[in-house]
Amino acid sequence: MPLCDVVAMPSPAALLTGATGFIASHLLPALLATGWDVRACGRRPRPEEFPEQVDYRRVDLTRPEELDGLYDGVTHLFHLAGASSSTANQQEMQLFNVVATRNVLSAAPKDLERALYMSSTSVYGEEVQLPSPVPEDVQPTPSRGYGKAKWESEQEVWAQRDAGMPVVVLRPVSVFGPGNVKLLGSAVLDTAVEAWAGLSTFAVPAEPIEQRLVHIDDLVRATLHLAVHDGAVGSAYNVVAPEYPSSHQVARLLADAFGMRVELDEDPEAGLGYEDRRAAHREMVERGMSPQILLTEQRLRFMRKANRNNRLSVDALLSTGFRFSRGELEPAIRDTIEWYRQQRWVLTR
Ligand SMILES: NC(=O)c1ccc[n+]([C@@H]2O[C@H](COP(=O)([O-])OP(=O)(O)OC[C@H]3O[C@@H](n4cnc5c(N)ncnc54)[C@H](OP(=O)(O)O)[C@@H]3O)[C@@H](O)[C@H]2O)c1
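Worth saying up front: this structure is predicted, and the values here are computed from it rather than measured. (Residues numbered from 1 in each chain as written. Predicted model: local features only at pLDDT ≥ 70, side-chain atom pairs only at ≥ 80, totals over all residues. Heavy atoms only, no water.)

Participant: Can you tell me about the domain arrangement of the protein chain, naming the residues and giving the values?
Facilitator: Domains assigned within the protein chain are domain 1 (3-172) and domain 2 (176-212 + 244-306 + 327-343). Each of domain 1 and domain 2 has a C-alpha centre, and these two points are 30 Å apart. Taken together, the contact pairs eight residues of domain 1 with 11 residues of domain 2. For the pairing of domain 1 and domain 2, the buried interface totals around 720 Å² over both sides, and the portion due to carbon and sulfur atoms is 48%. For the domain 1 face of the interface with domain 2, the top three residues by lost area are Phe22, Ser86 and Arg144, together amounting to 55%. Taken together, the links from domain 1 to domain 2 amount to one residue pair in polar contact (both at pLDDT 80 or more). (Domains from an automatic or database assignment. Contact = heavy atoms within 4.5 Å. Buried area = accessible area lost by both parts, 1.4 Å probe. Polar contact = N/O pair within 3.5 Å; in protein donor to acceptor, adjacent residues only side chain to side chain.)

Participant: Tell me about the sheet that holds strand E10 (residues 236-239), residues and numbers included.
Facilitator: With respect to topology, seven strands assemble into an open sheet ordered E3-E2-E1-E4-E5-E6-E10, the strand pairing being parallel. Because the sheet does not close on itself, it has two edges, and the strands there are strand E3 (55-58) and E10. In this sheet, adjacent strand axes meet at a mean angle of 15° when their direction is disregarded. Where strand E1 (residues 13-17) and strand E4 (residues 76-79) come together, four bridges link them in parallel fashion. From the neighbouring strand, Ala14 faces E4, where its bridge partner is His76. (Pairing = 2+ DSSP bridges. Helix = DSSP H or I, 4+ residues; strand = E, 2+ residues; numbered from the N terminus. Axes fitted to C-alpha atoms, helices over the stretch in contact; angles between N-to-C directions.)

Participant: Explain the pattern of salt bridges to me, using residue names and the numbers behind them.
Facilitator: All told, the structure shown has 19 salt bridges when counted by the stated rule. Across the pair Arg144 and Glu126 runs a salt bridge whose closest N-O atoms are separated by 2.7 Å. Taken together, the residues Arg144 in the loop between strand E5 (114-118) and helix H3 (145-162) and Glu126 in the loop between E5 and H3 connect sequence positions 18 residues apart. On the basis of relative accessible area, Arg144 is assigned to the partly exposed category, the value being 40%. Overall, Glu126 belongs to the partly exposed group, its relative accessible area being 22%. Measuring nitrogen to oxygen at the nearest pair gives 2.9 Å for the salt bridge that ties Glu330 to Arg334. (Salt bridge = Lys/Arg side-chain N within 4 Å of Asp/Glu carboxyl O. Buried < 20%, exposed > 50% of the residue type's maximum accessible area, 1.4 Å probe, protein only.)

Here it is, written out as structure tokens:
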């Protein structure tokens, strides 16, 4: 029976917030495929591609009055709604992460079987050296606005745990894969733009920066796994692939895919300037590229972030029996680029 027709349900029923976002675009079909009933919410109008059986509600989670009835029949919360610095300012990050999380948890019924919160490894921060690899039970000291907002949101979750709510927190790193429009996606676009502009070399800052990534399939599998694993309740879980490629390795993969050669450059600002990149991007859109991927003012923005706390422990996740299936990043990144090409989210001449 669909969620919209009943109040109490025998089968697991998910309330999925952030349903119109990237991660949910993979989690939602995975929930449906594994037999969950799903009530999904976002602020946008119902996306056309949502299957009919999804009970979609337009809700602004910063407005408690809009949450009435949202949990009717729900057994599990998957709280993904949030905002990062790619698209939100500090005030918005505070509202859409912290206030939204407070509201959605405050409205939860006492008999909720599990509340999963999609936090982030940005909570650990980069200024204070933590043990390496970073385990989940350290005292984080987030250094940037996004990490601070996610950590403050987690405090809302931990307070509910202390009051008896069965919570689980996931802390993924940068997630990549089909449909991703930021981070690695933007780096792919940067490469495509320079190839389009006729460059044969792809300039990359000479200082290598260690990257940390996770494929969306693994994050979705980890989420589904932790939603039902008996021992998962009450803890946080880092979610990061076991491989840590350098920025040079990633750049070679990207350059290769667009027929360019990597050239290491001492100048961190090397490469095409923003105005030229925008002009090439405009032309690509005129030629039929779908402008889904975020063109960032700073070229290769995502690969520049050196982080002393880069290495993360996944012992907690592995101890629950979870195994990564897309831990080999090179083929996973190649597949993703191919997906962008097929969708015409990037163009080649
Ligand atoms: N993507 C990553 O690499 C990554 C890594 C670590 C952690 N995370 C966390 O994972 C979660 C999902 O990430 P994502 O990449 O899927 O995000 P996304 O694509 O930016 O989507 C954000 C979602 O949150 C919803 N939302 C934001 N503010 C809201 C509000 N006030 N009320 C209701 N809905 C609101 C948006 O709804 P509308 O668009 O309909 O307004 C959208 O569905 C976020 O909490 C993020 O912090 C993401």
